[in-house]
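The lines below spell out each chain.
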Amino acid sequence: MGGVCSSERIAGVFSYESSEIDWCEDNYKHSEHVAEYFNTMSSFIFFIIAPIMLYLLHPYARERSLSIHLVWIMMIFVGLFSAYFHMTLSFVGQMLDELSILWVLALGYAVWFPRKMFPSFIKDRSSFSRLVLVITIISTVSSFVKPTANAYALNCFGLHLLYTLVVEMRCCMDQKALRLAKMSVALWILAITCWISDRFGCSFWQKLNFCYLHGVWHILIVMAVAYGSTLVAYLDANNEIPYSLPGLHYWPCDKWAFGFPHIVLKGTVKTQKQC
Ligand SMILES: [Zn+2]
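Residues numbered from 1 in each chain as written. Predicted model: local features only at pLDDT ≥ 70, side-chain atom pairs only at ≥ 80, totals over all residues.

**Describing the environment of valine 185**
Then step 1. Structurally, the position occupied by valine 185 is in helix H8 (residues 175-200).
Then step 2. Linking valine 185 and glutamate 25, residues 160 residues apart in sequence, is a C-alpha distance of 26 Å. (Helix = DSSP H or I, 4+ residues; strand = E, 2+ residues; numbered from the N terminus.)

**Quick word on the UniProt feature "binding site: Ca(2+)" (unreviewed entry) in the protein chain**
Then step 1. As annotated by UniProt and renumbered to match this structure, "binding site: Ca(2+)" (unreviewed entry) occupies Asp22, Trp23, Glu25, Asn27 and Glu36.
Then step 2. Within the secondary structure, glutamate 25 is located in the loop between helix H1 (2-14) and helix H2 (37-42).
Then step 3. Classification of glutamate 25 by C-beta neighbours within 10 Å gives buried; the count is 24.
Then step 4. Relative to the assigned elements, asparagine 27 resides in the loop between H1 and H2.
Then step 5. Once residues lying within four places of it in the same chain are set aside, the contact partners of asparagine 27 are Ala35 and Glu36. (UniProt positions renumbered as here; feature names shortened; annotations may be inferred. Buried ≥ 20, exposed ≤ 12 C-beta atoms within 10 Å, placed from the backbone. Contact = placed C-beta atoms within 7 Å.)

**Description of helix H5 (residues 91-112)**
Working note: α-helix, 3.6 residues per turn, so residues spaced by three or four point in the same direction.
Then step 1. Here H5 contains 22 residues, and its C-alpha end-to-end distance of 32 Å stays within 8% of the 32 Å for a straight helix at 1.5 Å per residue.
Then step 2. Of all 22 residues in H5, 16 are buried, a share of seventy percent or more. (Expected span 1.5 Å × (residues − 1).)

Following this line, the structure appears as structure tokens:
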């Protein structure tokens, strides 16, 4: 009997609508197999942006460390799990979606957190990465205690990253970096506003017949991450590989204000060796 009960419970966490969370979008409006159609479809933006960012960040990652690529590889999983969650609204989908975001943030901390802000008992980046790993594993396990609180905990990590960025940018005189910082924060605030509005202002949006703000959040947050992570990578390149003379450019055209930001290395390894 116990076996039957536990297998039913396992099947239960995979079943449609087993999550406590349901976003504002009407369920099964466009398909009987997809609970939230627009929220699911907008998750595919991750599959477009992540390969572009992997390609654009490659010259910097090759010089600094190929582990940098793990951040955008993990972002592909965020998109995949997000699509699965909004398609099924299952408990497993919710946990995979939230935990993949947690692991993206953890990877961001491990590869980019400024050396000078390490706790005093940490000597190098590999021991800092191990510390981040331990904290992430503990957070992963504790996320099952009260799953509805996870999204708020994730936003707290996001706020700490923002604080670190502000500290790092305080003495920055680089106009291109400052503009990128303003764009990243603006996109992030806009994204969070959409997320909160969908969560708490649903009845208002239903009256306007526009229940798609969570999908808009997907699009804005992936752009905020593209802008923010490039800025962090640029600051990191200036600290860690200054000989490569990192510069900020926009793709496809540097003159456009709204391209994809990326790092151009003007110095080569050869120049480093000659020096
Ligand atoms: Zn979502």
